Amino acid sequence: MNRLLELYLLFWKLGSVTFGGGYAMLPLLQRELVEKRGWVTDEEMLDYFAIGQSTPGVIAVNVATFVGYKRCGVIGGIAATLGMVTSPLIIITIIAAFIRNFAEIELVQHALNGLTVGVSALIIQAVYKMLRGAVIDLPTLIVYLVTLAMVFFTAVSPVYFVLAGGVIGLVLGMYQKKGAGK
Amino acid sequence: MIYLLLFVEFFKVGLFAIGGGLATLPFLYDLADKYHWFTAETIGNMIAVSESTPGPIGVNMATYAGFTTAGVPGALCATLGLVTPSIIVILVIAKFLTKFQDNPHVKDVFYGLRPAVTAMITVVVIQLVLQTFFGTDDIFALSLGGLQLPSIALFCVLVLAMLKIKAHPLYFLAASAAAGMLLKL
């Protein structure tokens, strides 16, 4: 019971102090879980992030589930995840309530508009980095451009683009290995 | 039953948004089209708030969307819906497949998946930038008269500053909020 509570509280704390999620959390998790507590090794931590990125869902939540599972089994995975989402639930609910009631105030609207400009500039850089990792040859460029056009001109659910991209990757991979084997 | 619907819809987002927080954005725009729970403009606010508060962006977005749709219980349902697939998938992987990311088929799937996800996020960014520059994200309704010159100037200054100065993104966000108030954007 103590171990579960410790897990929950630690991930509550980690979810309260990291901005941006994903890889922004890696240094902090390393300090808290590897150096201070020795619950996981550096290598395990990198594995968790690699798997967290290539499985569905929010990376930080995936990593929390992993660490919790390693420490206390299935219940531990759930405790760590709930800890991770507690702060966002409280903070965002308060802010959302604030915005709902104060959005008409001109100053709040100006601040939000300014914030949107800042976020656009930040996200453009994030997408540029993703683009360099994702579009690496002709087939990936074609997948990228076709998806781009389809999202612009059709109203297909994103689910199908995710599924189609995965299937295309699988088929291309098999085809390329066959070609290399000859 | 709005709560169940929120849980189910965000369960789907959690299941199909692969590659981190930004990957949830195309799904949010899809939900805005489908249910009118929130507008594209609200998503702009959600992104701004999520990026400038602690916690994973995907979780922040689910909480914000759930709250604006159905209050505090809505926020809980959406967030739990979002993290449930993660918990299930990761627990299964932790148990059976320790070398998941080294599996050649998994690598192949991601070879095709990554450009598709990046394309969807690119569209989101284009909409966000159009909203910033023209005051509308409808690509067929753009006009030079709608150009938001102060926003464009702020955007250019920020991009240059981010390239030149290595500082935590929060400082840039604080500066952009302050500039928004000063310039009356």
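Residues numbered from 1 in each chain as written. Chains lettered and ligands numbered in written order. Predicted model: local features only at pLDDT ≥ 70, side-chain atom pairs only at ≥ 80, totals over all residues. Heavy atoms only, no water.

Engineer: I'm lost on the packing of helix α4 (residues 59-102) of chain A against helix α4 (residues 57-96) of chain B in this one. Help?
Structural biologist: In helix packing, the relevant descriptors are the interaxial angle and the interaxial distance, both defined with respect to the helix axes. Where α4(A) contacts α4(B), the two axes come as close as 9 Å, and the packing angle between them is 165°. With respect to each other, α4(A) and α4(B) are oriented roughly antiparallel. Between α4(A) and α4(B) lies a crossing whose hand is right-handed. Class assignment for the residues of the contact of α4(A) with α4(B) results in 26 nonpolar, 9 polar and 2 charged. (Axes fitted to C-alpha atoms, helices over the stretch in contact; angles between N-to-C directions. Helix = DSSP H or I, 4+ residues; strand = E, 2+ residues; numbered from the N terminus. Parallel < 35°, antiparallel > 145°, perpendicular 65-115°, else oblique. Left-handed = near helix turned anticlockwise from the far one by under 90°. Nonpolar A, V, L, I, M, F, W, Y, C, P; charged D, E, K, R; others polar.)

Engineer: Just checking my understanding: could you explain the interface of chain A and chain B for this structure?
Structural biologist: The parts lose accessible area when they come together, and the size of an interface is often stated as this lost area. Every contact between the two is made by 88 residues of chain A and, on the other side, 90 residues of chain B. Taken over both partners, the interface formed by chain A and chain B buries close to 8100 Å², and the fraction arising from carbon and sulfur atoms is 79%. Taken together, the connections running from chain A to chain B amount to 0 salt bridges. Where chain A meets chain B, there are 4 residue pairs in polar contact (both at pLDDT 80 or more). The biggest single contributor to the side of chain A that touches chain B is α4(A), with 23 residues. Counted by class, the side of chain A that touches chain B contains 56 nonpolar, 28 polar and 4 charged residues. (Contact = heavy atoms within 4.5 Å. Buried area = accessible area lost by both parts, 1.4 Å probe. Salt bridge = Lys/Arg side-chain N within 4 Å of Asp/Glu carboxyl O. Polar contact = N/O pair within 3.5 Å; in protein donor to acceptor, adjacent residues only side chain to side chain.)

Engineer: Looking at this structure, how should I read the confidence of the model for chain B?
Structural biologist: Regions with low pLDDT should not have their predicted coordinates read in detail. All names here are of chain B. Summary statistics for chain B give a mean pLDDT of 84 and a share of 96% for residues scoring 70 or more. Here helix α3 (residues 40-51) is the element of chain B with the lowest mean pLDDT, 80, and helix α1 (residues 2-16) is the one with the highest, 92. On the interface metric, ipTM, the complex scores 0.77, and its pTM is 0.78. (pLDDT = per-residue confidence, 0-100.)

Engineer: Is there a simple way to explain the environment of L4(A) in this structure?
Structural biologist: All names here are of chain A. The residue L4 is located in helix α1 (residues 2-17) in this model. Residues L4 and S120, 116 residues apart in the sequence, show an inter-C-alpha distance of 39 Å. Leave out the neighbours within four places in its chain, and L4 touches C72, I75, G76 and A79.

Engineer: Which parts of the structure should I look at to understand the side chain of Q30(A)?
Structural biologist: All names here are of chain A. If you trace the backbone, Q30 turns up in helix α2 (residues 26-36). Polar contacts involving the side chain of Q30 include one to the side chain of D42, which spans 3.2 Å. Discounting residues that sit within four places of it in the chain, Q30 has contacts with E35, D42 and M45.

Engineer: I would appreciate a short explanation of a nonpolar patch on the surface in the present structure.
Structural biologist: Residue and element names in this part refer to chain A. Taken together, the side chains of L138, L141, I142, L145, V146, M150, V156, Y160 and L163 define a hydrophobic patch exposed on the protein surface, amounting to about 800 Å² of accessible area. For the nonpolar patch, the secondary-structure elements that each account for two or more residues are α6 (138-153) and α7 (158-181). The leading source of residues in the nonpolar patch is α6, at 6 residues. Along the chain, M150 turns up in helix α6. (Patch = residues over 30% accessible without salt bridge, like charges linked within 9 Å, V, L, I, M, F, W, Y side chains within 5 Å. Areas by Shrake-Rupley, 256 points an atom, 1.4 Å probe, with all protein chains shown as cover.)

Engineer: How do you make sense of the packing of aromatic side chains when you look at a structure like this?
Structural biologist: Here the distance between the centres and the angle between the planes together describe a pair of aromatic rings. Overall, the coordinates contain 6 aromatic pairs over all chains when judged by the stated rule. Consider the rings of Y8(A) and W12(A), whose centres lie 5.8 Å apart with planes at 65°: the pair is edge-to-face. Note that Y8(A) and W12(A) are positioned in helix α1 at a spacing of 4 residues, about one turn of the helix. Among the residues examined, W12(A) registers a relative accessible area of 31% and is labelled partly exposed. Both rings, one in F133(B) and one in F155(B), keep their centres 5.1 Å apart while their planes meet at 85°; by these two values the pair is edge-to-face. With F133(B) in helix α5 (residues 104-134) and F155(B) in helix α6 (residues 149-164), this pair connects stretches of sequence that are 22 residues apart. Taken as a pair, F133(B) and F155(B) share a single burial class, namely buried. Here R37(A) stacks its cationic end above the ring of W39(A), 5.8 Å away from the centre of that ring. (Phe/Tyr/Trp six-rings, centres within 6.5 Å; stacked < 30°, edge-to-face > 60°. Buried < 20%, exposed > 50% of the residue type's maximum accessible area, 1.4 Å probe, protein only. Lys NZ or Arg CZ within 6 Å of the ring centre and 35° of its normal.)

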